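Topology and contacts: notes
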Amino acid sequence: VPVLIISCLIVLGMDPDRMVPDASAQDSPGATIVFFNPNEHGVRPDDESGLNESVTLLKNDPGLVVVIDGYSDITGEEQYNLNLSRLRADAVREFYVGRGIDPERIKVRGNGKTDKFDSGIDEESLKRNRRVQVQVESAPSRKTPSPAPPASGVSEKPAAPAPEPEPQAEEN
């Protein structure tokens, strides 16, 4: 599936000068990434510019869809992290819906602490794992399949109609 490249990194609660330049682009090509503080899931105004870039793409091309994956860091219970990652992804989904994107064009997944963005256990690594990744992709084809060719040895002519049954005399 072709992916449109949206190179944008949105960071919540972090000093951009402390981040490794382009580290996220190497880990997640073509994704818009929103980072979150611990136990938070709301989209902040600072996040909107990067997300609005993909809103513009989606509005200009109805053949595109958006896939939103939410994640958490490794701290906390598995079920809590799974729910929190889903809340984060849902918050970004609501951002798109609030800007006129059809919900049918949005797929949301909560992944908990799977697929770590950063494998470290220090605070910077934990911050990088509390994220939502947004991919804008071409929509799956909705063409109807072509009819299958006839099996070999089968005639393409319609079958002859069945003969009419002969009228039967009524019995009393």
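Residues numbered from 1 in each chain as written. Predicted model: local features only at pLDDT ≥ 70, side-chain atom pairs only at ≥ 80, totals over all residues. Heavy atoms only, no water.

Looking now at the packing of helix α2 (residues 48–60) against helix α3 (residues 78–98). The N-to-C vectors of α2 and α3 enclose an angle of 55°; their axes lie 10 Å apart at closest approach. In terms of their interaxial angle, α2 and α3 are classed as oblique. Where α2 crosses over α3, the two elements pack in a sense that is right-handed. Residue-level contacts link E48, L51, N52, S54, V55 and L58 of α2 to V92, F95 and Y96 of α3. Taken together, the residues of the contact of α2 with α3 break down into 6 nonpolar, 2 polar and 1 charged. (Axes fitted to C-alpha atoms, helices over the stretch in contact; angles between N-to-C directions. Helix = DSSP H or I, 4+ residues; strand = E, 2+ residues; numbered from the N terminus. Parallel < 35°, antiparallel > 145°, perpendicular 65-115°, else oblique. Left-handed = near helix turned anticlockwise from the far one by under 90°. Contact = heavy atoms within 4.5 Å. Nonpolar A, V, L, I, M, F, W, Y, C, P; charged D, E, K, R; others polar.)

A full pass over the atoms with the stated rule returns 9 salt bridges. We note a salt bridge from R109 to D69, for which the minimum N-O separation is 2.6 Å. Note that R109 is positioned in strand β4 (residues 106–110) and D69 in strand β3 (residues 64–70), a separation of 40 residues in sequence. Among the salt bridges present, the one from K113 reaches E78, with a minimum N-O distance of 3.9 Å. In this pair, K113 sits in the loop between β4 and α4 (123–129) while E78 sits in helix α3, placing the two residues 35 residues apart along the sequence. Residue classification places K113 among the partly exposed residues on the basis of a relative accessible area of 21%. Each of D73, E123 and R130 takes part in a single network of salt bridges with overlapping partners. (Salt bridge = Lys/Arg side-chain N within 4 Å of Asp/Glu carboxyl O. Buried < 20%, exposed > 50% of the residue type's maximum accessible area, 1.4 Å probe, protein only.)

Attention now moves to α2. The first and last C-alpha atoms of α2 sit 18 Å apart over 13 residues, in line with the 18 Å expected at 1.5 Å per residue. Within α2, burial applies to G50, L51, S54, V55 and L58. Looking straight down α2, one finds its buried side chains confined to an arc of 150°; they lie on one side. When the buried face of α2 is taken as reference, the exposed residues oriented beyond 90 degrees from it are S49, K59 and N60. (Expected span 1.5 Å × (residues − 1). Arc of directions from axis to C-beta.)

Counting through the fold element by element, S54 comes out in helix α2. We classify S54 as buried; its relative accessible area is 0%. Within the structure, the side chain of S54 is placed 2.5 Å from the side chain of Y96, a separation counted as a polar contact. (Polar contact = N/O pair within 3.5 Å; in protein donor to acceptor, adjacent residues only side chain to side chain.)

Taken as a whole and assessed by the stated rule, the structure comprises 1 aromatic pair. Ring centres 5.8 Å apart and planes at 85° place the aromatic pair F95 and Y96 in the edge-to-face group. No difference in accessibility class separates F95 from Y96, as the two residues are buried. (Phe/Tyr/Trp six-rings, centres within 6.5 Å; stacked < 30°, edge-to-face > 60°.)

This brings us to the environment of G42. Among the secondary structure elements, G42 is positioned in the loop between β2 (32–35) and α2. The spacing of G42 and V92 is 50 residues in sequence and 8.0 Å in space, taken between C-alpha atoms. Those residues in contact with G42 that sit more than four places away from it in its chain are F36 and A91.

What you see with β2 is no split at all: T32 and V34 on one side and I33 and F35 on the other are buried throughout. Two strands pair when backbone bridges link them, and β2 and strand β5 (residues 131–138) are joined in this way by 4 bridges, in the antiparallel orientation. Among the inter-strand pairings, T32 is bridged to a residue of β5, identified as V134. (Pairing = 2+ DSSP bridges.)

A word on the side chain of R130. Summarising the element assignment, R130 is placed in the loop between α4 and β5. Overall, R130 belongs to the buried group, its relative accessible area being 4%. A polar atom in the side chain of R130 sits 2.7 Å from the side chain of D73. Within the structure, R130 has its side chain in polar contact with the side chain of E123 (distance 3.4 Å). Filtering out sequence-adjacent residues up to four positions away, R130 remains in contact with V34, F35, F36, N37, P38, Y71, S72, D73, R88 and E123.

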